[in-house]
Amino acid sequence: MPTNDVLRDLHHQMVRARVFEETIQKAYMEGKTPAFDIAAGPVPGEMHLAAGQEPVAAGVCAHLRPTDAVTATHRPHHVALAHGMDMPRMAAEIFGKQTGLCHGKGGHMHLFDAETNFGCSGIIGEGIPTAVGAALAFKKQGGDRVAVSFFGDGAANQGSFHESLNLAALWDLPVVFVCEDNAWAISVAKDKSTAIANNSDRAVAYGIPGVLVSDNDVVGVYEAAGEAVDRARRGGGPSLIEVKTDRLLGHFEGDPQLYRTAEEMEALRERDAITRFEAQLAANGVMGGDDAQAVWAAARAEVDAAIDFAVSSPYPDPASALDHVFA
Ligand SMILES: Cc1ncc(C[n+]2csc(CCOP(=O)(O)OP(=O)(O)O)c2C)c(N)n1
């Protein structure tokens, strides 16, 4: 069982990610209604939020150092924050501002941060071989850095998943594969696209450990990831972890979600991982209700400051449009 300090830290990380997502959701919807106009408002383009999936990011990243490499997906905010990305520069990137991590040219799906060795992509399955490449470099350099790839259950049906696991196992690389199984790939239910129930079972095909965390429980993720990251650091090779998690919101903001019933959505909200964890912390005397409220208030202040920084930052100079662009 993690120490009380670790438990409080896991809670803090989940709360700040949730508050960030809720705040971005509001900013994103500004000016986009009544007829949904994806190009309108202060944050144009698509927006994929990860509310509900915080346990995966918090539980895994608690074991990482900024020198470890992390790749994530088109739904990257919870992972980026848990891995230590600077929140104001991340918010500025999402708002397309000059002060953003990529000077506003990447947007919310393309957050790159050399300081925390973080990258993500709108291309499904892209981050999996990229993490394997980082792990290969770490192994050749010596030392104990590890790479972690977060990806969705839909991505696990891409060839890049299988090719990556094969090479990582063959070369015994320090990499941890983390599948965030939220049961959906856009509007396609996992059981309509995937031959087996648990992607963790696919580890057997590559002779590596496969661990299933079946209930979106941050402590379960923390423990599974602790073992996998430790194994990778000690030269014990790759592992695959699958977490059954929950996507509380649509695939993208503006998604009418006609493929999910109101009852299903309500059931998801009722089993919200943060609320459940808070009840558990209170029952075990780790954190009372007032302490939890103080964490939410501090997260709101942190997120508001980051959004203010983003909103008040300038847009990039149009003359710089071709800077940092490779062709
Ligand atoms: C190579 C590629 N194919 C298709 C798409 C379109 N697409 C965007 S998100 C998505 C579903 C991804 O599902 P999953 O990997 O489960 O992640 P989740 O959205 O559930 O987090 C698809 C097919 C894409 N972006 N890239």
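Caption draft 1: Fine view of the overall build of the protein chain. The helix and strand inventory of the protein chain stands at 10 helices and 8 strands. The C-alpha extent of the protein chain, read off along each of the three principal axes, is 55 × 50 × 40 Å. When the 327 residues of the protein chain are sorted by exposure, 53% land in the buried category. Total accessible area on the protein chain is roughly 14100 Å²; 56% of this is exposed by carbon and sulfur atoms. In the protein chain, which carries 26 positive and 44 negative side-chain charges, the distance between the mean positions of the two groups comes to 4 Å.

Caption draft 2: Examining the packing of helix 1 (residues 4–29) against helix 7 (residues 218–233) more closely. Where helix 1 meets helix 7, the closest approach of the two axes is 11 Å, and the angle between their N-to-C directions is 110 degrees. Considered as vectors, helix 1 and helix 7 are oriented roughly perpendicular to each other. The handedness of the crossing between helix 1 and helix 7 is right-handed. Here Val-6, Leu-7, Leu-10 and Met-14 of helix 1 lie close against helix 7, whose contacting residues are Val-218, Val-219 and Tyr-222. Taken together, the residues of the contact of helix 1 with helix 7 break down into 7 nonpolar, no polar and no charged.

Caption draft 3: Quick peek at the pattern of salt bridges. A complete count under the given rule lists 15 salt bridges for this structure. Among the salt bridges present, the one from Glu-242 reaches Lys-244, with a minimum N-O distance of 3.2 Å. Because the salt bridges share partners, they merge into one network encompassing Asp-181, Lys-190, Glu-242 and Lys-244.

Caption draft 4: Geometry of the site of the ligand. Looking at the ligand, there are 15 residues lining it, with His-74, Arg-75, Gly-122, Gly-154 and Trp-184 nearest. The contact in question runs from an oxygen atom of the ligand to an N or O atom on the backbone of Asp-153, over 3.3 Å. Coverage of the ligand by the protein chains reaches 71% of its 580 Å² of free accessible surface. The class makeup of the residues in the shell around the ligand is 6 nonpolar, 7 polar and 2 charged.

Caption draft 5: Focus on a nonpolar patch on the surface. On the surface, Leu-167, Leu-170 and Trp-171 cluster together to form a nonpolar patch covering roughly 290 Å² of accessible area. On the secondary structure map, Leu-170 appears in helix 6 (residues 159–170).

Caption draft 6: Quick peek at the packing of aromatic side chains. Inspection of every chain in the model, using the stated rule, returns 3 aromatic pairs. Ring centres 5.0 Å apart and planes at 55 degrees place the aromatic pair Trp-184 and Tyr-259 in the tilted group. Of this pair, Trp-184 sits in strand 5 (residues 184–185) while Tyr-259 sits in the loop between strand 8 (239–244) and helix 8 (262–270); the two residues are 75 residues apart in sequence, bridging distant segments of the chain. Owing to a relative accessible area of 22%, Tyr-259 belongs among the partly exposed residues under this scheme. Taking the ring centre of Tyr-28 as reference, the NZ or CZ of Lys-32 above it sits at 3.9 Å. Over the ring of Tyr-315 we find Lys-97, and its NZ or CZ is 4.6 Å from the ring centre.

Caption draft 7: Main features of helix 6. Between its terminal C-alpha atoms helix 6 stretches 17 Å, which fits the 16 Å expected from 12 residues at 1.5 Å a residue. Buried within helix 6 are the following residues: Ser-160, Phe-161, Ser-164, Leu-165 and Ala-168. On an axial view of helix 6, the arc spanned by its buried residues comes to 130 degrees, and they lie on one face. Looking at helix 6, the residues exposed on the side facing more than 90 degrees away from the buried face are Glu-163 and Leu-170. Next to the buried residues of helix 6 lie helix 5 (127–141), strand 3 (147–152), strand 4 (175–181) and strand 8. Asp-172 sits one or two positions beyond helix 6 and adopts a positive phi of about 55 degrees.

Caption draft 8: Fine view of the nonpolar core. Of all hydrophobic cores here, the largest spans 69 residues; its most connected members are Phe-20, Met-90, Phe-118 and Phe-150. Apart from residues no more than four positions distant in its own chain, Phe-20 is found in contact with His-77, Leu-81, Met-87, Met-90, Ala-91, Ile-94 and Val-303. Counting 21 residues, the second largest nonpolar core, distinct from the first, contains Phe-151, Ala-156, Ala-168 and Cys-179.

Cut-offs and rules
- Residues numbered from 1 in each chain as written.
- Predicted model: local features only at pLDDT ≥ 70, side-chain atom pairs only at ≥ 80, totals over all residues.
- Heavy atoms only, no water.
- Helix = DSSP H or I, 4+ residues; strand = E, 2+ residues; numbered from the N terminus.
- Buried < 20%, exposed > 50% of the residue type's maximum accessible area, 1.4 Å probe, protein only.
- Areas by Shrake-Rupley, 256 points an atom, 1.4 Å probe, with all protein chains shown as cover.
- Lys, Arg positive; Asp, Glu negative; His and termini not counted.
- Charge placed at Lys NZ, Arg CZ, Asp CG, Glu CD.
- Axes fitted to C-alpha atoms, helices over the stretch in contact; angles between N-to-C directions.
- Parallel < 35°, antiparallel > 145°, perpendicular 65-115°, else oblique.
- Left-handed = near helix turned anticlockwise from the far one by under 90°.
- Contact = heavy atoms within 4.5 Å.
- Nonpolar A, V, L, I, M, F, W, Y, C, P; charged D, E, K, R; others polar.
- Salt bridge = Lys/Arg side-chain N within 4 Å of Asp/Glu carboxyl O.
- Near = heavy atom within 4 Å.
- Polar contact = N/O pair within 3.5 Å; in protein donor to acceptor, adjacent residues only side chain to side chain.
- Patch = residues over 30% accessible without salt bridge, like charges linked within 9 Å, V, L, I, M, F, W, Y side chains within 5 Å.
- Phe/Tyr/Trp six-rings, centres within 6.5 Å; stacked < 30°, edge-to-face > 60°.
- Lys NZ or Arg CZ within 6 Å of the ring centre and 35° of its normal.
- Expected span 1.5 Å × (residues − 1).
- Arc of directions from axis to C-beta.
- Core = buried A, V, L, I, M, F, W, Y, C linked by side-chain atoms within 4.5 Å.

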